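# Structural description and commentary
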Amino acid sequence: MKGDEEHWVRTLIKLIWEQCHTIWLTRKKDRHGHDKASSAQISADQTCRKIAALYLLRDHVEDSVKDIFHQDLNKHLEDHPTELRNWLTIYKPVIMKSSRSVKQAAKANTRQLSAYFEKITRIRPTRKPPNRPPRPKPPRKPLRTTFLFNYIPDIRPPRIKSAPHLEYDDTSHSHSVQSCLSHFYFPDHPK
């Protein structure tokens, strides 16, 4: 029976891994292309998207960097894919650095908005306490033991009397000390 269980588990795990591998291969082909032509097309589309994103930064770069961009994005995207990849590799770091420096320069020459105004201290109104009497506290609930002992007096625990002083007789060893003590605590118990 144990061999059947192991075979079943191995078969199930193998099936799951095969399906995961098939899904991965399908996704890889869809993302990177089934053959060289589709792979080249997908790569060219990705390069065009990246260049279009850089063209959005055209107005947010230094003047010396604006000469990198072509007059028309669509004409630029008509270039050969290799030329587009080279342009992207060379000019993307320059454009990104220029964009960051323009943002930093804009922040450096700008004061915070609060610097243009006087500091106004806000006076919080004080609230007067309401003129009403305090709420009465709800009565405490009695404990259950109090309830039991007040209404059922027979349940009260008995008081323990102190044991009488025992005199031990060394001459008679017929019964032990335990039997003497048990006689005083349990007088109805036979010896």
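Fair warning: this is a prediction, and the values are worked out from it, not measured in the lab.

When its secondary structure is counted, the protein chain shows six helices and zero strands. When the helices and strands of the protein chain are read in sequence order from the N terminus, they spell out α-α-α-α-α-α. By the burial criterion, 9% of the 191 residues in the protein chain qualify as buried. Within the protein chain, contacts between residues at least 6 apart in sequence are counted, and of these 50% link residues at least 24 apart.

Let us look at the side chain of Thr47. Mapped onto the fold, Thr47 is located in helix 2 (residues 36–55). Residue classification places Thr47 among the buried positions, given a relative accessible area of 6%. If near-sequence neighbours (up to four positions away) are discounted, Thr47 is found in contact with Leu84, Arg85 and Leu88.

Attention now goes to helix 4 (residues 81–108). Helix length check: helix 4, at 28 residues, gives a terminal C-alpha distance of 40 Å against a target of 40 Å (1.5 Å per residue), a fit within 8%. Taking the largest bend as the criterion, helix 4 deviates by roughly 40°, centred on Tyr91, and proline Pro93 comes between one and four positions later. Taken together, the buried positions of helix 4 are occupied by Leu84, Trp87, Leu88, Ile95, Ser98 and Ser99. In the core, the buried residues of helix 4 are packed alongside helix 2 and helix 3 (73–77).

A few words on the nonpolar core. Counting eleven residues, the largest nonpolar core consists of Ile51, Leu54, Tyr55, Val61, Val65, Ile68, Phe69, Leu84, Trp87, Leu88 and Ile95. Listing elements by their share of this core, those giving two or more residues are helix 2 and helix 4. Among the elements that take part in this core, helix 4 stands out by supplying four residues, more than any other. If sequence neighbours within four positions are ignored, Leu84 has contacts with Thr47, Cys48, Ile51, His76, Leu77 and Asp79.

A cluster of like positive charges, contributed by Arg27, Arg31, Arg49, Lys50 and Lys92, occupies part of the molecular surface. Listed by contribution, the elements that provide at least two residues to the positive patch are helix 1 (2–32) and helix 2. Locating Arg27 in the fold gives a position in helix 1.

What follows concerns helix 2. Taking 1.5 Å per residue, 20 residues should reach 28 Å; helix 2 reaches 29 Å between its end C-alpha atoms and fits that length. Among the residues making up helix 2, those that are buried are Ala44, Thr47, Ile51, Leu54 and Tyr55. Each buried residue of helix 2 sits inside an arc of 95° when the element is viewed along its axis, so together they form one side. Packing partners of the buried residues in helix 2 comprise helix 3 and helix 4.

Before going further, it helps to spend a moment on a nonpolar patch on the surface. Taken together, the side chains of Trp8, Val9, Leu12, Ile13, Leu15, Ile16 and Trp17 define a hydrophobic patch exposed on the protein surface, amounting to about 740 Å² of accessible area. Secondary-structure assignment places Ile16 in helix 1. With a relative accessible area of 45%, Ile16 lands in the partly exposed category.

Further remarks concern the confidence of the model for the protein chain. When pLDDT drops low, the exact placement of atoms in the prediction is not to be read closely. Here the protein chain averages 77 in pLDDT, and 71% of its residues register 70 or above. Per-element confidence in the protein chain ranges from a low mean pLDDT of 52 for helix 6 (residues 177–185) to a high of 91 for helix 4.

Further remarks concern the environment of Ile68. Here Ile68 is to be found in the loop between helix 2 and helix 3. A relative accessible area of 17% places Ile68 in the buried class. Here the alpha-carbon distance between Ile68 and Val94, two residues 26 residues apart in the chain, equals 9.5 Å. Leaving out residues up to four positions away in the same chain, Ile68 has contacts with Trp87, Tyr91 and Val94.

What counts, and at which threshold
- Residues numbered from 1 in each chain as written.
- Predicted model: local features only at pLDDT ≥ 70, side-chain atom pairs only at ≥ 80, totals over all residues.
- Heavy atoms only, no water.
- Helix = DSSP H or I, 4+ residues; strand = E, 2+ residues; numbered from the N terminus.
- Buried < 20%, exposed > 50% of the residue type's maximum accessible area, 1.4 Å probe, protein only.
- Contact = heavy atoms within 4.5 Å.
- Expected span 1.5 Å × (residues − 1).
- Bend = angle between axes of the 7 residues up to and from the residue.
- Core = buried A, V, L, I, M, F, W, Y, C linked by side-chain atoms within 4.5 Å.
- Patch = residues over 30% accessible without salt bridge, like charges linked within 9 Å, V, L, I, M, F, W, Y side chains within 5 Å.
- Areas by Shrake-Rupley, 256 points an atom, 1.4 Å probe, with all protein chains shown as cover.
- Salt bridge = Lys/Arg side-chain N within 4 Å of Asp/Glu carboxyl O.
- Lys, Arg positive; Asp, Glu negative; His and termini not counted.
- Charge placed at Lys NZ, Arg CZ, Asp CG, Glu CD.
- Arc of directions from axis to C-beta.
- pLDDT = per-residue confidence, 0-100.

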